Amino acid sequence: MNWGKKLITVFVIFAAGVVSLVAISISKNTDLVSENYYEQEIKYQNQIDLLKGSEVLNENIVIEKGNNEIVIRSLNPGLTGNLKGEILFYRTSDANKDFIIDLEFGSDATQRIYSQSLDRGLWKLKMNLNEGEKKYYIEKYVFLE
């Protein structure tokens, strides 16, 4: 084989590689973190302020995994007596699996969420809470096996 044929062979292999990489990248799902990302970025300072104001509450709320359930527990039941709000179950790998439930602490300062229908892997729990006019925001992670 002379050098001309070798050059053409190398070029064809390179072109085939580029075409296959383009085809693979087009077929991948590239969800944004959020559909309205830019609007949320502008409001992010408010979120930072909420996180700072929620540190005490954040330290007193823990996430535990049980048999087919996620338990959200308050270590200090006095803090959660009048809390209302919602929990966004956020799946970073697929926005179609995100869902929201109401936060309702029981008399034992816990809330149980049955997890057998949830996909295995990492979930981010974003809790928007309020106690009267006071607002809180807490983020926790749970990994389902």
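Structure's up top.
Cut-offs used in this document
Residues numbered from 1 in each chain as written. Predicted model: local features only at pLDDT ≥ 70, side-chain atom pairs only at ≥ 80, totals over all residues. Heavy atoms only, no water. Phe/Tyr/Trp six-rings, centres within 6.5 Å; stacked < 30°, edge-to-face > 60°. Helix = DSSP H or I, 4+ residues; strand = E, 2+ residues; numbered from the N terminus. Buried < 20%, exposed > 50% of the residue type's maximum accessible area, 1.4 Å probe, protein only. Lys NZ or Arg CZ within 6 Å of the ring centre and 35° of its normal. Contact = heavy atoms within 4.5 Å. Core = buried A, V, L, I, M, F, W, Y, C linked by side-chain atoms within 4.5 Å. Salt bridge = Lys/Arg side-chain N within 4 Å of Asp/Glu carboxyl O.

Undergrad: Sorry, what's going on with the packing of aromatic side chains here?
TA: One pass over the structure, following the stated rule, counts three aromatic pairs. Judged by centre distance (4.7 Å) and plane angle (5 degrees), the rings of Phe 89 and Phe 99 are stacked. A residue pair is termed long-range when its members are at least 10 positions apart, and Phe 89 in strand β3 (residues 84-90) and Phe 99 in strand β4 (residues 99-103) qualify at 10 residues. Looking at Phe 89, the relative accessible area reads 0%, which means it is buried. The class for Phe 99 is partly exposed, based on a relative accessible area of 27%. The interplanar angle of 70 degrees and the centroid separation of 6.2 Å between the aromatic rings of Phe 89 and Trp 123 together place this pair among those described as edge-to-face. Highlighted residues: Phe 89 in strand β3 and Trp 123 in strand β6 (residues 121-131), separated in sequence by 34 residues. Assigned by exposure class, Phe 89 and Trp 123 land together as buried. If you follow Lys 126 out to its NZ or CZ, it ends over the ring of Tyr 90, 4.3 Å from the centre.

Undergrad: Whenever I open this one, the side chain of Gln 111 confuses me. Can you help?
TA: Mapping Gln 111 onto the fold places it in strand β5 (residues 110-114). A relative accessible area of 9% places Gln 111 in the buried class. Setting aside chain neighbours within four positions, we find Gln 111 in contact with Ile 70, Val 71, Ile 72, Ile 87, Ile 101, Asp 102, Leu 103, Glu 104 and Phe 105.

Undergrad: What's the story with the nonpolar core in this structure? I'm lost.
TA: Note that soluble globular proteins tend to have their nonpolar side chains buried in a common cluster. In this structure, Ile 61, Phe 89 and Leu 129 are the most contacted members of the largest nonpolar core, which totals 19 residues. Listed by contribution, the elements that provide at least two residues to this core are β2 (69-74), β3, β6 and β7 (134-144). Excluding residues within four positions of it along the chain, Phe 89 makes contact with Ile 70, Lys 97, Asp 98, Phe 99, Ile 101, Ile 113, Leu 118, Trp 123, Lys 124 and Leu 125.

Undergrad: Please explain the pattern of salt bridges as it appears in this structure.
TA: Opposite charge on two side chains allows them to pair when their charged atoms are near. Applying the stated criterion across every chain yields a total of five salt bridges. Here Arg 73 makes a salt bridge to Glu 64, at a shortest N to O gap of 3.1 Å. You can call Arg 73 partly exposed: its relative accessible area is 26%. For Asp 94, the salt bridge is made with Lys 97, and the minimal N-O distance between the two is 4.0 Å. What makes Asp 94 buried here is its relative accessible area of 18%. Owing to a relative accessible area of 36%, Lys 97 belongs among the partly exposed residues under this scheme. When salt bridges with common partners are traced through the structure, they connect Asp 94, Lys 97 and Asp 119 into a single cluster.

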